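Examining the three-dimensional arrangement
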Amino acid sequence: DAKTTQPPSMDCAEGRAANLPCNHSTISGNEYVYWYRQIHSQGPQYIIHGLKNNETNEMASLIITEDRKSSTLILPHATLRDTAVYYCIVKTSYDKVIFGPGTSLSVIP
Amino acid sequence: KAGVTQTPRYLIKTRGQQVTLSCSPISGHRSVSWYQQTPGQGLQFLFEYFSETQRNKGNFPGRFSGRQFSNSRSEMNVSTLELGDSALYLCASSFRDGGDGYTFGSGTRLTVV
């Protein structure tokens, strides 16, 4: 079973920041937080991952709380092309990837 | 560089037949994972191979099998197809253990009639 809880759906206005939350209250010390997204009919796409520090790359920022029990993926300026299902995954380096139902993000013009 | 290549893209098979799907990982990637995606069950993990050895396995019946070759290319096989096997089958590769994220292919859409 997935070790994370995400809201089933969210809306975001185009050009605004999209903040996608994820709860992982049972995360253990050697587990990372990963984010993937899947645009309709395509394979999932890796976005970002982190252990305990906040991370940023060209696609997004990942904010992990100090107790590591939750995190937020931030898309700074959402576009229509960011409409997708976003998956938050917790795993160690060698674990298999278990996808939950994710959050369906709709970017509204 | 070339991405993860899955062939064929689409496939129609009859109940009871068997099918083999192919996945070519990104050059240099040694780990290959397979997933089944259906509208009802979402993305489900099938198995993962690393250096020709199965490293992880999901909860699928023995009709689902896979293998990995010395060049890291992988195949999965489904025998005695059932209507419920109709799905998008996705392959993902990573350099070693997925620690830096997996790269997914576009999938093979299997329809069992």
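What this report covers is the structure whose coordinates are included nearby. What you are looking at is a predicted structure, and each value in this text was computed from that prediction instead of being measured.

The subject of this paragraph is the sheet that holds strand S3 (residues 19-24) of chain B. Residue and element names in this part refer to chain B. The sheet built from 4 strands is open, its strands ordered S1-S3-S8-S7 with antiparallel pairing. Of all the strands in the sheet, just strand S1 (5-7) and strand S7 (64-68) have a single pairing partner and so form its edges. Across the sheet, the mean angle from the axis of one strand to that of its neighbour is 15°, orientation sign disregarded. Direction of pairing for S7 relative to strand S8 (residues 74-78): antiparallel, over a ladder of 5 bridges. The residue of S8 that forms the bridge with Gly-66 is Met-76.

Turning next to unusual backbone geometry. Residues apart from glycine generally show negative phi values, whereas peptide bonds are mostly found in trans. All names here are of chain B. For the peptide bond that leads from Thr-7 to Pro-8, omega is -10°, which places it in the cis range. Positionally, Pro-8 belongs in the loop between S1 and strand S2 (10-13). With a phi close to 50°, Ser-51 is a non-glycine residue in the positive phi region. Along the chain, Ser-51 falls in the loop between strand S5 (42-50) and strand S6 (53-57). For Ser-51, a relative accessible area of 34% puts it in the partly exposed group. Even without glycine at this site, Glu-52 takes up a positive phi of about 70°. Looking at where Glu-52 falls in the secondary structure, it is placed in the loop between S5 and S6.

Conventions adopted
- Residues numbered from 1 in each chain as written.
- Chains lettered and ligands numbered in written order.
- Predicted model: local features only at pLDDT ≥ 70, side-chain atom pairs only at ≥ 80, totals over all residues.
- Heavy atoms only, no water.
- Pairing = 2+ DSSP bridges.
- Helix = DSSP H or I, 4+ residues; strand = E, 2+ residues; numbered from the N terminus.
- Axes fitted to C-alpha atoms, helices over the stretch in contact; angles between N-to-C directions.
- Buried < 20%, exposed > 50% of the residue type's maximum accessible area, 1.4 Å probe, protein only.

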